[in-house]
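Below, each chain spelled out in residue letters.
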Amino acid sequence: MNAAQFWTLNTLAVIAVVLATINISYFQGNREARTQVAERQQFINQTVQLNQLNVEVIKTMARVAVEKNDTAIGDLLQRAGVSYRVRNSAEPVSDPAN
């Protein structure tokens, strides 16, 4: 092996090591990003589930307020910004967005 081949192979080896190091760092960064995305997705899923539960609780409270003519529950719902109205069938319709 002559000197030119030696230095060419050494240069290629250094380039390979540098590229491998860059690849490892990108892999680590990608893994961290995936973990963050998974955590955010889990939070979103849990928030959706809790929102559905909150809507059901509000509907139940509104129904009880109407059925039992409970003004305390009705006042509590109004203070929380929830309005509801009584249907002809005596089943309340709540509007949790208000």
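The rules behind the values
- Residues numbered from 1 in each chain as written.
- Predicted model: local features only at pLDDT ≥ 70, side-chain atom pairs only at ≥ 80, totals over all residues.
- Heavy atoms only, no water.
- Helix = DSSP H or I, 4+ residues; strand = E, 2+ residues; numbered from the N terminus.
- Buried < 20%, exposed > 50% of the residue type's maximum accessible area, 1.4 Å probe, protein only.
- Polar contact = N/O pair within 3.5 Å; in protein donor to acceptor, adjacent residues only side chain to side chain.
- pLDDT = per-residue confidence, 0-100.
- Axes fitted to C-alpha atoms, helices over the stretch in contact; angles between N-to-C directions.
- Parallel < 35°, antiparallel > 145°, perpendicular 65-115°, else oblique.
- Left-handed = near helix turned anticlockwise from the far one by under 90°.
- Contact = heavy atoms within 4.5 Å.
- Nonpolar A, V, L, I, M, F, W, Y, C, P; charged D, E, K, R; others polar.

In the Ramachandran plot, N69 falls in the positive-phi region, its phi being about 50° despite a non-glycine side chain. Residue position: N69 is located in the loop between α1 (3-67) and α2 (71-79). When its relative accessible area of 63% is taken as the criterion, N69 is described as exposed.

Another point: α2. One side-chain oxygen at the N-terminal end of α2 lies 3.0 Å from the backbone nitrogen of A72; it belongs to D70. Just downstream of α2 lies G81, where phi reads positive at about 85°.

The next point concerns the environment of S83. Here S83 is to be found in strand β1 (residues 83-86). The partly exposed category is assigned to S83, whose relative accessible area is 34%. A sequence separation of 21 residues divides S83 from A62, and the C-alpha atoms of the two residues are 8.7 Å apart.

Let us now look at the confidence of the model for the protein. In this model, the protein carries a mean pLDDT of 89, and residues with pLDDT of at least 70 account for 89%. Taken element by element, the protein is modelled with least confidence in strand β2 (residues 92-95), mean pLDDT 60, and with most confidence in α1, mean pLDDT 94.

With that out of the way, let us pick up the packing of α1 against α2. For the pair α1 and α2, the least separation of the axes is 8 Å and the interaxial angle reads 140°. Between α1 and α2, the angle falls in the class oblique. For α1 against α2, the interelement crossing comes out left-handed. Facing I58, M61, A62, V64 and A65 of α1, the residues of α2 in contact are I73, G74, L76 and L77. Here the contact of α1 with α2 is composed, by residue class, of 8 nonpolar, 1 polar and no charged.

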